Amino acid sequence: MTAEEFNEAFALSQFLPGPNVVNFSVVFGSRFGDAPGAAVALVGLMGPPLVIVTVLAMLYARFGDLEALSRILIGIAAAAAGLLIAVVAKMAAPMFAKRWNSAPLIAIAAFIGVAIMHWPLPWVFVGLAPVSVAFAWFKR
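If you're wondering where the values come from, they're calculated on a predicted model, not measured in any experiment.

K.L.:
Would you take a moment to explain the packing of helix 4 (residues 103–116) against helix 5 (residues 121–139) for this structure?
P.N.:
Two quantities define a packed helix pair, namely the angle between the axes and the distance from one axis to the other. Look at helix 4 against helix 5: their axes get within 10 Å of each other, and the N-to-C directions meet at 165°. When the axes of helix 4 and helix 5 are compared, the pair comes out roughly antiparallel. Where helix 4 crosses over helix 5, the two elements pack in a sense that is right-handed. Contact with helix 4, carried on its side by Ile106, Ala109, Ala110, Gly113 and Val114, involves Leu121, Val124, Leu128, Val131, Ser132 and Phe135 of helix 5 and no other residues of that element. The residue inventory of the contact of helix 4 with helix 5, partitioned by class, reads nine nonpolar, two polar and no charged.

K.L.:
Can you help me understand the packing of aromatic side chains in this one?
P.N.:
The geometry of an aromatic ring pair comes down to the distance between the two centres and the angle between the two planes. As enumerated under the stated definition, the model contains five aromatic pairs in all. Considering the side-chain rings of Phe6 and Phe24, the 5.0 Å spacing of their centres and the 65° angle between planes classify their relative orientation as edge-to-face. Linking Phe6 in helix 1 (residues 3–15) with Phe24 in helix 2 (residues 20–63), this pair joins segments that are 18 residues apart in sequence. Here Phe24 falls in the buried class, since its relative accessible area comes to 15%. Centroid distance Phe10 to Phe24: 6.2 Å. Interplanar angle 65°. Geometry classified as edge-to-face. Remark: Phe24 occurs in helix 2 and Phe10 occurs in helix 1; sequence separation between them is 14 residues. Clustering of aromatic rings is evident, with ring pairs tying together Phe6, Phe10, Phe24, Phe28 and Phe32.

Basis of the calculations
- Residues numbered from 1 in each chain as written.
- Predicted model: local features only at pLDDT ≥ 70, side-chain atom pairs only at ≥ 80, totals over all residues.
- Heavy atoms only, no water.
- Axes fitted to C-alpha atoms, helices over the stretch in contact; angles between N-to-C directions.
- Helix = DSSP H or I, 4+ residues; strand = E, 2+ residues; numbered from the N terminus.
- Parallel < 35°, antiparallel > 145°, perpendicular 65-115°, else oblique.
- Left-handed = near helix turned anticlockwise from the far one by under 90°.
- Contact = heavy atoms within 4.5 Å.
- Nonpolar A, V, L, I, M, F, W, Y, C, P; charged D, E, K, R; others polar.
- Phe/Tyr/Trp six-rings, centres within 6.5 Å; stacked < 30°, edge-to-face > 60°.
- Buried < 20%, exposed > 50% of the residue type's maximum accessible area, 1.4 Å probe, protein only.

Purely spatial values, then, with no claim about function.
Listed below in structure tokens is the structure:
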């Protein structure tokens, strides 16, 4: 998949009800293998983590009181935050590479509204959606 195809599939998965990652795996699997591909992608996404998390839950129930374990979990949380930032930066790079595109401005405005101004996300969407549609309409 190209970066643009990935972003389109990811946008579709966010629109569908349910967890975005699960939706994306179904969209991705169906793209390459129709219904059986979607089923295989879903099982491949959900099966191994289910087993791993079940084993980890049993281990945490037994050894959860250890001080070293809490320090390890703090380090894992920091690594997860770093990975999330890296994924967002990689997905946003194609938007910022194009010239005369309003998408980066809308993304920056949404970030400022939610992260800095602490406005509710639905209200930011309600405010920016018509602006985004207007930019796309006049770009044609």
